[in-house]
Amino acid sequence: MNNEFHFMPISQIANQFPENSWWAKFYKDFNDENLVAYYEGDLTLPFLNLDWYMPFPQQEGVTILFINGNLTVDNLYNSEIDGAIALMVTGNLSAKNIAVGGQEIYVTGNLTVEEILCGSYNHGEMIVEGNLNAKVLVQDGEYRFKAEGQQSIVCAVNVWDTDAVCQELPVDIRKVLIDDVFLDNEEEEVDFSFGMLVSVLKKGQSALLDWNEALQRKKVDHLYFNYNTINEENILKLTQCILMTEDQPYFEFEEHDAYFKVQREHMGADGDKRNPSVYIKTAQHHYFIWLDDDHSISLLMKTDDEGDEWEDINEETSKPLAEYWIMLLTCVNVAELYLPNIEVKDVQDILLHPVIQELDHYGEENDGFWDGSKYYGFRRDAYTDEDGYCFAARIDIETPDGAFYFYTLDNDSYVSRHYQPPNHHARQDMPFLDAKRWEASERYFDRFKQFISRKISADGSPVG
C-alpha cells in the first residue's frame, strides 16, 4: 500500500463528510480509537480490501477510508458483509470490479465499473452523486444503490432469480457469470455465491463470460416474404398473414412515421366486391395499391394537400413507395416469426386453471405471483365496463426493471402483445421493427410458462 496515508481520529475530518452520507447524518460521537485513513490527491491501487480483519494499511482501528481526490482500483471488495470499512471518495471512483457489502461507500463524482458492480445484503449502501456506469450490476434485492446522475447498466443480475437482464433481454444467469461463482448444489434454484465472487476477484480473475451468443435473437429458418416485389403473390400473402383475423377483412398498424392498412377480398357493406389492396399514409403522401380482377397491379398516390387527386405512380415517385413497401413486408415477417409461438389455446387454458381462477378478481390482493424478480398478473375473464368498453382477458408480466409486457386474448388468431416502458402508465403497441422487444416478450413468456407449470404441478390440477 501507499505510505502517504495519514491516520487520525475520525472527529478530525468529520466536517468533510458529505451531508447526505451516513457519517454526517447519524454518527456524531466519535471514539478516538476509531481511525480514518486519509489520502490527499488521486490514488491508483491494484486492489483494495475493505474487510475489518485486514488492517488498512498495516494499521489497526481504521473505520473509514477517505480519498480526497479520484480513486482508480482494479478490484475493490470485502468478504464480510455484516460490517466493513467505509469508503468516501470526493472525486471519481473507477474500478474493474467491485464486490462489497456491510458499509457505506460514498462517491461525490462519477462511478465507473468496467466489469462487475456487486452489492450484497442489507447492511450496506452505495451513494453516487454523479453518474453510475457499470457493465454488469449484481445485487440481491436488498443492497441499495443510489445515483443522483444518470445510471447506465448494460446487464442487471438479481441473484434471487435465474435470469439476468442484458440489453433489455432476459438471459440465463449462467450465461453471464462463470461457474466459479455458483455453488455446486442441485437443490438450490438460485446458487450464486457472493463469497466465491470475492475469491475470484482476489485472484485477479474475471468473473464474466462472453454473453454475445446468449443475446442472439431467434434464428430465421424461413421468411414469410423472401423477396420485396410489389406483385400479386406478395399482395395475396399479405391478405393471408397471421395479422389478418377472421372477424374483420383488414388489419392496420403504425410503424415509425407511416400508417399501413391491408385489406383482403371481401364484400363491402354496400354489397360491392372489394379487391385485395394496401393503403399507406406517410407524413407527405398517400399510396394505394390494389390487385385488379385481371391480376394486374394498380399503383396510385396523392399528396396530403387538400383537394389533391389520386394519380398514377411513375418511376420517380415509386422510390419512396418502395421503401415503405419493404417496411410493410419486414413488419409482417416479424409478426409471422413471433406471433405464432404463443398459442391462443395455451393462454386460455392457463387463465381457466383453478390456480389462476382462485386469485383475487379485482386485483386488490393476491392477484398474481412473484417469482423473485418478476411479477405475473392476470385478467382472467373478458368484460365490458359501464361505458361499453371491452376489456379482453390477458396475462401481464412486470420485469425486473419495472417494464410490463401484456399478452391479450382480443382475437382468435393470435395473442396480441403490448409493452409499457418503466415509469410509464400506458401500454404501447410493440413496433414490429424493434425485433429485440419482440424477442424479450417471447423470452419472458417462456420463463412465465416454466414458472406457472411449477405452480400448477404443485397444485396437482392438470391444465385444460
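One can find the structure itself at the top, above this paragraph.
Here's what I pulled together on the structure shown here. Quick caveat: nothing in here was measured; it's all calculated off a predicted structure.

Digging into the sheet that holds strand β28 (residues 394-398)
Then step 1. Read from one edge to the other, the open sheet built from six strands follows the order β24-β25-β28-β29-β30-β31, with strand pairing classed as antiparallel. The open sheet is flanked by β24 (368-370) and β31 (428-429), the only strands paired with a single partner.
Then step 2. Strand direction decides the pairing type here: β28 and strand β29 (residues 404-408), joined by five bridges, are antiparallel. If you follow Glu 398 over to β29, its bridge partner there is Phe 404.
Then step 3. Along the sheet face, helix α5 (residues 344-352) touches β25 (375-379) and β28 and points at about 85 degrees away from the line of β28.

A word on the sheet that holds strand β23 (residues 311-312)
Then step 1. The strand order across the open sheet built from six strands is β16-β17-β20-β21-β22-β23, with neighbouring strands paired in antiparallel fashion. Every interior strand has two partners, whereas the edge strands, β16 (250-255) and β23, have only one.
Then step 2. The pairing of strand β17 (residues 258-263) with strand β20 (residues 277-281) spans five bridges and is classified as antiparallel. Within the sheet, the bridge partner assigned to Gln 263 lies in β20 and is Ser 277.

So, the pattern of salt bridges
Then step 1. Under the definition given, this model contains 17 salt bridges.
Then step 2. Asp 191 is the partner of Arg 174 in a salt bridge, and the nearest nitrogen-oxygen pair spans 2.7 Å. One end of the pair, Arg 174, is in the loop between β15 (169-172) and α2 (194-202); the other, Asp 191, is in the loop between β15 and α2, with 17 residues separating them in the sequence.
Then step 3. For Asp 191, a relative accessible area of 7% translates into the label buried.
Then step 4. Taken together, the salt bridges that share partners define one network made up of Asp 163, Asp 371, Lys 374 and Arg 447.

Concerning a negative patch on the surface
Then step 1. Together, Glu 246, Asp 247, Asp 410 and Asp 412 line one region of the surface with negative charge.
Then step 2. With a relative accessible area of 74%, Glu 246 lands in the exposed category.

Conventions used here
- Numbering of residues starts from 1 in each chain and follows the order in which that chain's sequence is written.
- Where totals are concerned, whole chains, interfaces and linings use all residues; where local detail is concerned, this predicted model gives features only for residues with pLDDT of at least 70, and gives and counts side-chain atom pairs only at 80 or more.
- As a rule here, side-chain values cover all heavy atoms of the structure and leave hydrogens and water aside.
- Strand pairing is assigned whenever DSSP identifies at least 2 bridges connecting the two strands.
- Numbered from the N terminus, helices here are DSSP runs of H or I no shorter than four residues, and strands are runs of E no shorter than two.
- The contact criterion used is simple: two residues touch if any of their non-hydrogen atoms lie within 4.5 Å.
- Note on geometry: axes are lines fitted to C-alpha atoms, helical ones only across the stretch in contact, with angles between N-to-C directions running from 0 to 180 degrees.
- One speaks of a salt bridge when a side-chain nitrogen belonging to Lys or Arg is within 4 Å of a carboxyl oxygen belonging to Asp or Glu.
- Burial classes: relative accessible area under 20% of the type maximum marks a residue as buried, over 50% as exposed, and values in between as partly exposed (1.4 Å probe, protein chains only).
- A patch is a set of surface residues, each over 30% in relative accessible area and not in a salt bridge, joined within 9 Å for like charges and within 5 Å for the nonpolar side chains Val, Leu, Ile, Met, Phe, Trp and Tyr.
- Accessible surface area values rest on a Shrake-Rupley calculation with a 1.4 Å probe, where residue burial reflects the displayed protein chains alone.
- When charges are counted, Lys and Arg are positive and Asp and Glu negative, with His and the chain ends excluded.
- A single reference atom marks each charge: NZ on Lys, CZ on Arg, CG on Asp, CD on Glu.

Nothing here speaks to function; it is geometry throughout.
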